[in-house]
Amino acid sequence: MPDRLPSLTALRAFEAAARHMSFAKAAEELSVTPAALSFQIKSLEETLGQPLFLRLNRAVKLTEAGRTLAPGTSEGFDRLTAAWRAARRLQDSTTLNVTAGPAFTAKWLAPRLYEFAHAHPEIDLRFSATLRMLDFDVDEVDVAIRFGYGPDEGLWSIPLNPGEWVTPVMTPELAEQYPTPASLRDAPLMFDDSIAFLRPACDWPAWFRAVGIDFTPTHGPHFSQADHAVDAALSGAGIVLGRRAMVVKDLHEGRLVAPYKIAIESKAHFRFLCRLGTEDRPQIAAFREWILAEIDKTASVHDQLTLIPVEDIPAP
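Residues numbered from 1 in each chain as written. Predicted model: local features only at pLDDT ≥ 70, side-chain atom pairs only at ≥ 80, totals over all residues. Heavy atoms only, no water.

Undergrad: When you look at the packing of aromatic side chains in this model, what are you seeing that I'm missing?
TA: Each aromatic ring pair is described using two quantities: the centre-to-centre distance and the angle formed by the ring planes. Tallying each qualifying case throughout the model produces 17 aromatic pairs. Between F116 and F287, the aromatic rings sit 5.4 Å apart at their centres with planes inclined by 90°, giving edge-to-face as the arrangement. Residue F116 is found in helix 6 (residues 113-119), and its partner F287 is found in helix 11 (residues 282-297); the two are separated by 171 residues along the sequence. A relative accessible area of 0% places F287 in the buried class. (Phe/Tyr/Trp six-rings, centres within 6.5 Å; stacked < 30°, edge-to-face > 60°. Helix = DSSP H or I, 4+ residues; strand = E, 2+ residues; numbered from the N terminus. Buried < 20%, exposed > 50% of the residue type's maximum accessible area, 1.4 Å probe, protein only.)

This is the structure in structure tokens:
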């Protein structure tokens with residue numbers, strides 16, 4: 001049978017040696033002797049009928065056959081390792097690995113986690129706060145909270161809110177100084193550049209057009225992370241277009257105010273994602289229901305605003 005695969009042990013030895021380009025380092029990684037590793041690779045070469053390495057005086061070099069085989073074996077073992085880890089995680093009902101963006105983690109998740117920990121002391125939460133799109137098939141991730149438009153092909157997904165809105169937010173003290181939208185022409189405006197990718201744009205010019213004012217602010221500090229912009233607003237440094245997820249807790253508790261009650265809404269939204277078939281695992285279901293319940297706690301903030309879809313705002 002010409003397509004019959006050789007032993008996984010021999011392929012594993014080859015993959016490690018090709019990755020390190022060293023028999024000694026590969027043997028150390030696999031906890032075998034260099035002689036045993038060399039024997040496995042030699043048996044693989046005999047099965048293939050051609051050499052995979054050129055043995056030089058102090059080094060090894062892949063042959064054409066080795067260069068052909070190496071990428072497939074590396075990818076194959078990576079996927080096999082990921083599948084094995086995923087299968088093992090199915091037996092673990094006490095650990096939950098969650099990934100979310102740094103700003104969402106800082107402004108939404110972290111301030112509320114004590115509630116989840118109190119309600120579910122049996123679940124060990126582990127967070128990876130990153131903008132990198134972690135791969136459910138490779139990284140040890142159970143749940144991802146992502147922002148944007150999707151689609152999320154091959155994943156189980158639910159929206160965490162109908163859409164993300166933005167509205168000017170500021171301290172109560174600043175709100176007294178700038179009582180109307182028109183007064184914002186003279187206010188210290190700040191810019192959250194983390195939502196610059198939204199189309200149509202949900203920015204200051206769009207918000208001013210939504211309230212009937214033709215004004216394009218050009219000066220003020222720019223922040224690449226939403227949580228930094230919100231922190232600056234909390235300090236009284238200026239006024240920022242606050243995103244729902246980033247400011248709703250501060251609005252609900254009075255540290256910030258949204259005095260003009262007009263928000264522009266994007267079709268982009270946060271989504272709760274997990275692998276298909278894992279959505280009913282106890283810790284994933286518990287985390288999902290907790291997030292949805294937490295969103296409901298601050299629904300009054302949302303209900304106080306008039307939402308204008310950004311698509312309905314006249315173009316400049």
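Let us keep going from here.
Undergrad: Help me understand the sheet that holds strand 10 (residues 239-243), please; the structure alone is not making it clear to me.
TA: The strands that make up a sheet are held in pairs by hydrogen bonds between backbone atoms, and each pair lies either parallel or antiparallel. Read from one edge to the other, the open sheet built from 6 strands follows the order 9-8-10-7-11-13, with strand pairing classed as mixed. What marks the edges here is a single partner per strand, and that holds for strand 9 (222-223) and strand 13 (306-309). In terms of strand pairing, strand 7 (residues 165-169) meets strand 10 through 4 bridges, oriented antiparallel. From the neighbouring strand, V166 faces strand 10, where its bridge partner is R243. (Pairing = 2+ DSSP bridges.)

Undergrad: Would you mind going over the packing of helix 2 (residues 23-30) against helix 3 (residues 34-48) with me for this structure?
TA: Helix 3 packs onto helix 2 with a crossing angle of 105° between their chain directions and a minimal axis gap of 8 Å. Relative to helix 3, the element helix 2 lies roughly perpendicular. For the pair formed by helix 2 and helix 3, the contact residues are F23, A26, A27 and L30 on the first element and P34, L37, S38 and I41 on the second. Of the residues belonging to the contact of helix 2 with helix 3, the class tally is 7 nonpolar, 1 polar and no charged. (Axes fitted to C-alpha atoms, helices over the stretch in contact; angles between N-to-C directions. Parallel < 35°, antiparallel > 145°, perpendicular 65-115°, else oblique. Contact = heavy atoms within 4.5 Å. Nonpolar A, V, L, I, M, F, W, Y, C, P; charged D, E, K, R; others polar.)

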